Amino acid sequence: PAVLHERVGEDLLQVSQRSFWQGHKRAPEVLTHAVREFAQIQEGEDVLDLYGGVGLFTSACLHDVGAHGSIHLVEGSKDATNDAKVNFASHSNVEISTGDVAKIVTRIDRADVVILDPPREGAGKDVVQDIARISPRSIIYVACDPAALARDTAYLKENGYELEKLRAFDLFPMTHHIESIALFTPSEVS
């Protein structure tokens, strides 16, 4: 079918054929659980969901931010953001932006928590600098390429964020690919 409806926990998300979705059946549930565990989002906080796709992590975190918090989903794929607009049509506290993440993030002033799930090449130096500029209390980085995560970890360190926790998931059995989730927090100032 042109459009699928994927259930993750209690949420049902629209995913069209041209939108990205995890290939492993349990990946959405496993990854959202780990992201929420690392993020520890409090009611009323503002979350920035970069490379947010159809809204997998937005959906999971909506319950945490509550009615007084907000989530800003940014994604480059128009197909994915069209799905996200359907998925969150009844949520006035979700803002969806379509376009180049590296350009849009320069216009964002604040976020308590940043979740980013970039493509295989990673977020890169400019995006990392702009995330650090808004001083979130935590950054949760979902990575499908360990080398890109390692490079961006160095950029985050240069910009005042330390790797606090890391988990790896074998979501692609019988291959060399792994998915990782990393938690970064501001470095202690001495």
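Reading the values: rules and limits
- Residues numbered from 1 in each chain as written.
- Predicted model: local features only at pLDDT ≥ 70, side-chain atom pairs only at ≥ 80, totals over all residues.
- Heavy atoms only, no water.
- Helix = DSSP H or I, 4+ residues; strand = E, 2+ residues; numbered from the N terminus.
- Buried < 20%, exposed > 50% of the residue type's maximum accessible area, 1.4 Å probe, protein only.
- Contact = heavy atoms within 4.5 Å.
- Areas by Shrake-Rupley, 256 points an atom, 1.4 Å probe, with all protein chains shown as cover.
- Pairing = 2+ DSSP bridges.
- Right-handed = clockwise from strand over helix to strand, strands pointing away.
- Core = buried A, V, L, I, M, F, W, Y, C linked by side-chain atoms within 4.5 Å.

A.B. asks: Please provide a residue-by-residue account of the overall build of the protein chain, values included.
C.D. replies: Scanning the protein chain from N- to C-terminus turns up 6 helices and 9 strands. Looking at the protein chain residue by residue over its 190 residues, the buried ones come to 52%. Sequence separation of 24 or more characterises 65% of the internal contacts of the protein chain that already satisfy a separation of 6 or more. Summed over its atoms, the accessible surface of the protein chain is roughly 9,600 Å², and 50% of this surface lies on carbon and sulfur atoms.

A.B. asks: Can you explain the environment of glutamate 45? Please cite residues and give values.
C.D. replies: Its place among the elements puts glutamate 45 in the loop between helix 1 (27-39) and strand 3 (46-50). Linking glutamate 45 and glycine 69, residues 24 residues apart in sequence, is a C-alpha distance of 4.7 Å. Aside from chain neighbours lying at most four places away, what touches glutamate 45 is Gln40, Val65, Gly69, Ser70, Asp112, Val113 and Arg137.

A.B. asks: Any chance you could break down helix 2 (residues 56-65) for me, citing the residues and the numbers?
C.D. replies: By the criterion of burial, helix 2 is predominantly enclosed, with 9 of the 10 residues buried. All buried positions along helix 2 are accounted for by Leu56, Phe57, Thr58, Ser59, Ala60, Cys61, Leu62, Asp64 and Val65. Positive backbone phi, approximately 70°, marks glycine 66, located one or two places after helix 2.

A.B. asks: Requested: an account of the pairing of strand 7 (residues 138-143), with residues and values cited.
C.D. replies: Strand 7 sits mainly inside the fold: 6 of its 6 residues count as buried. Along strand 7, one buried face is formed by Ser138, Ile140 and Val142 and the opposite face, lined by Ile139, Tyr141 and Ala143, is buried too. In the sheet, strand 6 (residues 113-116) pairs with strand 7 via 4 bridges, with the strands oriented parallel. Within strand 7, the position partnered with leucine 116 by the bridge is tyrosine 141. Considered for its hand, the β-α-β crossover made up of strand 6, helix 5 (residues 125-133) and strand 7 is right-handed.

A.B. asks: Please set out the nonpolar core residue by residue, giving values where relevant.
C.D. replies: Grouped together as the largest cluster of nonpolar side chains are 26 residues, with contacts concentrated most on Leu48, Leu50, Val114, Leu116, Ile139, Tyr141 and Phe184. Mapped onto this core, the elements with two or more residues apiece are strand 3, helix 4 (101-104), strand 6, helix 5, strand 7, helix 6 (146-158) and strand 9 (179-186). A per-element tally of this core places helix 5 first, with 4 residues. Beyond its immediate sequence surroundings of up to four residues, isoleucine 139 is in contact with Val114, Leu116, Ile131, Leu156, Tyr161, Ala182, Leu183 and Phe184. Within the second largest apolar cluster, 25 residues are counted, among which are Cys61, Phe88, Val113 and Phe169.

By themselves, these are just geometric observations and shouldn't be taken as functional.
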